[in-house]
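So you can see what is in the structure, the chains are spelled out below.
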Amino acid sequence: MTTEGMLLESRIHEYENLLKVMRDERQTDQDDSISITQALCRNADWTVSGAQEIVELVKNYGTFILRNALAVAVVLGMEDGNKGF
């Protein structure tokens, strides 16, 4: 049985690898929003608006609030939100 925790861990490893490759290739830092957005679109099948939203969420809220938001979304059974990403 796959749990949300297992899915999250898998996604973390996926993005670690994707962003490590991007940083190695371009010598960018973790605050390079444009390169991160491009990498998400190119390698993780995000739309530009979806990738920009993810990057802004990370920059504005960080792991503390997003971890708690994820926990609440899981408890409420909300796979997709109102924005349609």
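The structure contained in this document is the topic of the report that follows. Fair warning: this is a prediction, and the values are worked out from it, not measured in the lab.

We note that Asp45 has phi near 60°; this positive angle belongs to a residue other than glycine. In this structure, Asp45 sits in the loop between helix H2 (33-44) and helix H3 (48-76).

If you look at the biggest cluster of nonpolar residues, it comprises 10 residues: Tyr15, Leu18, Leu19, Met22, Ile36, Ala39, Leu40, Ala44, Ala51 and Val55. Of all the secondary structure elements, the ones that give two or more residues to this core are helix H1 (4-26), H2 and H3. Leaving out residues up to four positions away in the same chain, Leu18 has contacts with Ala39, Leu40, Asn43 and Ala44.

So, how was this worked out
Residues numbered from 1 in each chain as written. Predicted model: local features only at pLDDT ≥ 70, side-chain atom pairs only at ≥ 80, totals over all residues. Heavy atoms only, no water. Helix = DSSP H or I, 4+ residues; strand = E, 2+ residues; numbered from the N terminus. Core = buried A, V, L, I, M, F, W, Y, C linked by side-chain atoms within 4.5 Å. Buried < 20%, exposed > 50% of the residue type's maximum accessible area, 1.4 Å probe, protein only. Contact = heavy atoms within 4.5 Å.

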